[in-house]
Amino acid sequence: MERKRDVQLYNNSRKKTLEEIPLVPTAIWSCTDENCRGWMRDNFVFSVVPVCSLCQSEMVKGEKMLAAVTNTSPLQIKL
């Protein structure tokens, strides 16, 4: 995966063309443990204040530039 400004390039395995996917500011939760790199998108959490699934530490809300993804799960928390 290559980065070009605020666009990610993905290569489809059957086709050799690259598709540009724009990056958008996305709300995330990041692990507070300095030795853990865990994070998750806010629209994919299963509790109001999530716990890191890697180390069970507290998480804090933040933002990253990521490709837009919609969570269609019926288990999604509506805040």
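Heads up: the structure comes first, above all this text.
Residues numbered from 1 in each chain as written. Predicted model: local features only at pLDDT ≥ 70, side-chain atom pairs only at ≥ 80, totals over all residues. Heavy atoms only, no water.

All right, on to the overall build of the protein then. A tally of regular secondary structure across the protein gives zero helices and five strands. The order of α-helices and β-strands along the protein, N terminus first, is β-β-β-β-β. A fraction of 50% describes how many contacts in the protein between residues 6 or more apart in sequence connect residues 24 or more apart. Approximately 6400 Å² of the protein is accessible, and the part contributed by carbon and sulfur atoms is 52%. (Helix = DSSP H or I, 4+ residues; strand = E, 2+ residues; numbered from the N terminus. Contact = heavy atoms within 4.5 Å. Areas by Shrake-Rupley, 256 points an atom, 1.4 Å probe, with all protein chains shown as cover.)

Below, the discussion takes up the pattern of salt bridges. Counted according to the given criterion, the structure contains one salt bridge. In this structure, K61 engages D42 in a salt bridge whose closest nitrogen and oxygen atoms are separated by 3.6 Å. On the criterion of sequence distance, the pair formed by K61 in strand β5 (residues 59-67) and D42 in the loop between β4 (39-41) and β5 is long-range, its members being 19 residues apart. (Salt bridge = Lys/Arg side-chain N within 4 Å of Asp/Glu carboxyl O.)

This paragraph deals with the environment of D42. For the pair D42 and W29, spaced 13 residues apart in sequence, the C-alpha separation works out to 6.1 Å. Setting aside residues no more than four positions away along its own chain, D42 makes contact with A27, I28, W29 and K61.

A separate point is the nonpolar core. Soluble, globular proteins show a tendency: their nonpolar side chains are buried together. Judged by nonpolar contacts, W29, C31, C36, M40, V45, C52 and M59 together constitute the single largest core of seven residues. Each residue touching C52, except ones within four places of it in the same chain, is listed here: C31, C36, G38, S57 and M59. (Core = buried A, V, L, I, M, F, W, Y, C linked by side-chain atoms within 4.5 Å. Buried < 20%, exposed > 50% of the residue type's maximum accessible area, 1.4 Å probe, protein only.)

Now for the side chain of T26. Within the secondary structure, T26 sits in strand β3 (residues 18-31). Apart from the residues within four sequence positions on either side, T26 is in contact with R41, G62, E63, K64 and L66.

Now for unusual backbone geometry. We note that Q56 has phi near 65 degrees; this positive angle belongs to a residue other than glycine. Residue placement: Q56 occurs in the loop between β4 and β5.

Tracing the chain through its elements places L66 in strand β5. Residue L66 is classed as buried on the basis of its relative accessible area of 10%. Residues L66 and A27, 39 residues apart in the sequence, show an inter-C-alpha distance of 9.4 Å. Those residues within four positions of L66 in sequence are excluded, and the remaining contacts are P22, L23, V24, T26, I28, W39 and R41.

Tracing the backbone through its elements, the reader meets G38 in the loop between β3 and β4. On the accessibility criterion, G38 (9% relative accessible area) is buried. For the pair formed by G38 and S57, sequence separation is 19 residues and the distance between their alpha carbons is 9.6 Å. Residue contacts for G38: discarding those within four places in its chain leaves W29, S30, C31, C52, L54 and M59.

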